Amino acid sequence: MSVRPIGPIDLHLHTTASDGRCTPRELVERAARAGVAVMAVTDHDTTAAVAEVRVTALEHGIRTVSGVEITAVEDQHDIHVLGYFLDPGHEALGSFLRTQRAARVARVEAIGARLSALGVPIAVEPLVAYATAGNGRSLGRPQVARAMMDAGHVASVQEAFDRWLAHGRPGFVPREGASPEAVMRVIHDAGGIASLAHPGKLGLESRLKTLARAGLDAVEVFHPDHDATLVERYRVLARELGILMTGGSDFHGDPAHGREPGRVSLPAAEFERLCEARPDAVL
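Throughout what follows, the structure given in this document is the object of discussion. (Residues numbered from 1 in each chain as written. Predicted model: local features only at pLDDT ≥ 70, side-chain atom pairs only at ≥ 80, totals over all residues. Heavy atoms only, no water.)

### Remarks on helix α9 (residues 205–213)
Listed in full, the buried residues belonging to α9 are Arg207, Leu208, Leu211 and Ala212. Projected down its long axis, α9 carries its buried residues within an arc of 140 degrees, all on one side. α9 presents Ser206 and Arg213 as exposed residues on the side facing more than 90 degrees away from its buried surface. Where the residues of α9 are buried, they touch β4 (67–74), β5 (77–84), α7 (180–189), β6 (193–196), β7 (218–222) and α10 (228–241). Once α9 finishes, glycine 215 follows within two positions and takes phi at roughly 115 degrees, a positive value. (Buried < 20%, exposed > 50% of the residue type's maximum accessible area, 1.4 Å probe, protein only. Helix = DSSP H or I, 4+ residues; strand = E, 2+ residues; numbered from the N terminus. Arc of directions from axis to C-beta. Contact = heavy atoms within 4.5 Å.)

### Some points on the nonpolar core
Ranked by size, the top nonpolar core spans 51 residues in total, and within it Leu11 and Phe271 carry the most contacts. It is α7 that provides the largest number of residues to this core, a total of 5 residues. Once residues lying within four places of it in the same chain are set aside, the contact partners of leucine 11 are Val38, Met39, Ala40, Thr42, Val65, Tyr84, Gly247, Gly248, Leu266, Phe271 and Leu274. Among the nonpolar cores identified, the runner-up in size contains 22 residues, and Val105, Val120, Val124 and Ala147 belong to it. (Core = buried A, V, L, I, M, F, W, Y, C linked by side-chain atoms within 4.5 Å.)

### Focus on α10
The terminal C-alpha atoms of α10 lie 20 Å apart, and with 14 residues this matches the ideal 20 Å at 1.5 Å per residue to within 8%. Inspection of α10 places Val231, Tyr234, Leu237 and Ala238 among the buried residues, and these make up the whole buried set. Mapping the buried residues of α10 onto a view down its axis gives an arc of 130 degrees, with all of them on the same face. Turned more than 90 degrees away from the buried face of α10 sit Ala228, Thr229, Arg239 and Glu240, all of them exposed. The inward-facing, buried residues of α10 contact α8 (199–202), α9, β7 and β8 (244–247). Looking one or two residues past α10, glycine 242 carries a phi angle of roughly 70 degrees, positive in sign. (Expected span 1.5 Å × (residues − 1).)

### Here's the deal with the pairing of β7
In terms of burial, β7 is a largely internal element, 5 of the 5 residues being buried. Where β7 lies against β8, 4 bridges are found, and the strand directions are parallel. Across the sheet, residue glutamate 220 finds its bridge partner in β8, namely threonine 246. Viewed along the sheet, the connection from β7 through α10 into β8 turns out right-handed. (Pairing = 2+ DSSP bridges. Right-handed = clockwise from strand over helix to strand, strands pointing away.)

Following this line, the structure appears as structure tokens:
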């Protein structure tokens, strides 16, 4: 890119295509109000919002990067891998993401059955119908948590996870999915850059090193769950491992989080390095 962006660069945002609260248009409008210069929508296991975000962002003078956040699984724990500059229409990527979303639906149905057996029933059918209407939407535990709120079982999404849905809690159902290495290959085959999401949040420092040796392109250094010490730690690790840096707000539109687009920004110099790695990418 010939001109360095002026304003926040937020490469981690979610919409109603997955577990965000804002439609693609609403997300862009909030990003515009926050002065965001570059944005990437990174919905979970879907690129359904990428096209609308790109068109709407253009109306507001915001540059966009195509993105996705794919959930890999290792030892019953999620590892999130962000993909950037990929082709949303890539056939193999689309097939892989459809498989991911089908597994998500099956898991939510299993969680719903488990919660019902525990005496905490929720309306699963509307969630499944919403995610299987042929629009590429992705379903997950945050939607289950909101259904638990609607049913009066919990007061917040956080309470739903703390009491019922988190790993080791009564309503937890293990996820089945691809390994991080397999996810990286899918992203690379679609022309993208693979970045390990919020490693500090998940305690993935040692895994970062092995993934870098396996071809990981970048790590999400800048994230709301990374304090200054963690940011510096992962900045140093990225340099030592010879990989790029990414960052963003991980905005979902949840009022309880108090986050807004652009609250966490990737430094412009690091964004330029990302662009240099994909010089043919359309922004």
